[in-house]
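# Survey of secondary and tertiary structure
Take a look at the letters that make up each chain.
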Amino acid sequence: MTMLTAAHNGQLDVVTLGEAMAMFVATQTGDLADVETFTKRIAGAELNVAIGLARLGLNVGWVSRVGNDTFGRFTLQQLKKEGINAKQVTVDGNYPTGFQIKSKTTDGTDPSVEYFRKGSAASHLSVDDFNREYFGSARHLHLSGVAAALSGQSLALCHHAAREMRAMGKTISFDPNLRPVLWSSQQVMIEQLNKLALAADWVLPGLKEGQILTGQSTPEGIADFYLERGVQAVIIKTGPDGAWFKTAAGDQAVVAAIKVDNVVDTVGAGDGFAVGTLSALLEGKTLKQAVQRGNKIGSLAIQAIGDSEGLPTRAALAE
Ligand SMILES: O=C(O)C(=O)C[C@H](O)[C@H](O)CO
């Protein structure tokens, strides 16, 4: 089994980059305009993955910019609490930390989310935030389509990081995490995200995302689109059914989901899935075992209101 960096000796297991937002989750159902009370949490797809991996004991670096404001301080506190390496998080004096508000649902449907993130500190991430020594100290780079969607310069950082990490022989995972409202057009989103996906070893789209990105309708068609262009494994999340994967060697399997009776909030399921799958792959587990862990952590993520609070510690996962 490949050992993870338990000793935190300056080496990272995983590095990722993205935006943190303060998140206000409605405590009542209905139109957000009518809601009077909210619970404060932290959000951000790549940060959720960083939190989940850190809880499992991996040494994780998260690269970002936050504003010199309350939400920026909140983010830094969360990073400290979770034991995430924040050496490459810059406090930007010019731009604010973003935030979002999220509705409450009780029927298992997706809540609605409203962003206040335009022009945020994190949207000013750029190639200048790529510290070669820092990134190079990690074994693995995890990217998602959210950081890519923040701005042209954040997108350039994602491409640069992928190119450089690949040249350094590191493994790369990519979760498309489509956020159409953040892109100038669907065509640009598809082009750019496919370019990032093709720089990765492991690609983890949801079924609908894969259909949009590849124009293929079936999981196999989506997987083949990426595998024929050099990706090593494509793992497709099929919602309540679980996931399906195919590798470049042609291995494929369906991995059934874990049934959840009490869905509290569906947001964060994909990040939980990425945490399980990536942590297991980096420990040297088989892809099937990794996807089983992905399903398990995805199912835990949807049983809490926050996007990361359902993510388990190593001990909780073992239970
Ligand atoms: O929605 C976004 O853009 C976020 O990054 C916030 C959330 O935490 C994310 O949706 C969960 O994947």
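Residues numbered from 1 in each chain as written. Predicted model: local features only at pLDDT ≥ 70, side-chain atom pairs only at ≥ 80, totals over all residues. Heavy atoms only, no water.

### Quick look at the UniProt feature "domain: Carbohydrate kinase PfkB" (unreviewed entry) in the protein
- The sites that carry the UniProt feature "domain: Carbohydrate kinase PfkB" (unreviewed entry) are, in the present numbering, residues 13-313.
- Strand forms 24% of residues 13-313 and helix 36%; the C-alpha atoms that close the span are 17 Å apart. (UniProt positions renumbered as here; feature names shortened; annotations may be inferred. Helix = DSSP H or I, 4+ residues; strand = E, 2+ residues; numbered from the N terminus.)

### A short note on the pattern of salt bridges
- Using the criterion set out here, one finds 17 salt bridges in the structure.
- We note a salt bridge from Glu-309 to Arg-41, for which the minimum N-O separation is 2.6 Å. Placement of Glu-309 in the loop between helix 10 (287-301) and helix 11 (314-318) and of Arg-41 in strand 3 (residues 38-43) is noted, with a sequence separation of 268 residues between them.
- For Glu-309, a relative accessible area of 36% gives the class partly exposed.
- Relative accessible area serves as the criterion here: at 26%, Arg-41 is assigned to the partly exposed category.
- One salt bridge connects Lys-246 with Asp-224, and the closest N-O pair in it is separated by 2.8 Å. Of this pair, Lys-246 sits in strand 12 (residues 242-247) while Asp-224 sits in helix 8 (residues 219-227); the two residues are 22 residues apart in sequence, bridging distant segments of the chain.
- Among the residues examined, Asp-224 registers a relative accessible area of 21% and is labelled partly exposed. (Salt bridge = Lys/Arg side-chain N within 4 Å of Asp/Glu carboxyl O. Buried < 20%, exposed > 50% of the residue type's maximum accessible area, 1.4 Å probe, protein only.)

### A short note on helix 9 (residues 269-282)
- Over its 14 residues, helix 9 runs 20 Å from end to end, which matches the ideal 20 Å to within 8%, given 1.5 Å per residue.
- Taken across its 14 residues, helix 9 has twelve buried, putting it largely inside the fold.
- Within helix 9, burial applies to Asp-271, Gly-272, Phe-273, Ala-274, Val-275, Gly-276, Thr-277, Leu-278, Ser-279, Ala-280, Leu-281 and Leu-282.
- Gly-284 sits one or two positions beyond helix 9 and adopts a positive phi of about 90°. (Expected span 1.5 Å × (residues − 1).)

### Let's talk about the sheet that holds strand 9 (residues 171-175)
- Across the sheet, which stays open at both edges, the nine strands sit in the order 5-4-1-8-9-10-11-12-13 with mixed pairing between neighbours. Each edge of the open sheet carries a strand with a single partner, namely strand 5 (89-92) and strand 13 (252-256).
- Pairing of strand 1 (residues 12-17) with strand 4 (residues 60-67), which is carried by four bridges, proceeds in the parallel orientation. Each bridged residue has a counterpart across the sheet, and for Thr-16 the counterpart in strand 4 is Trp-62. (Pairing = 2+ DSSP bridges.)

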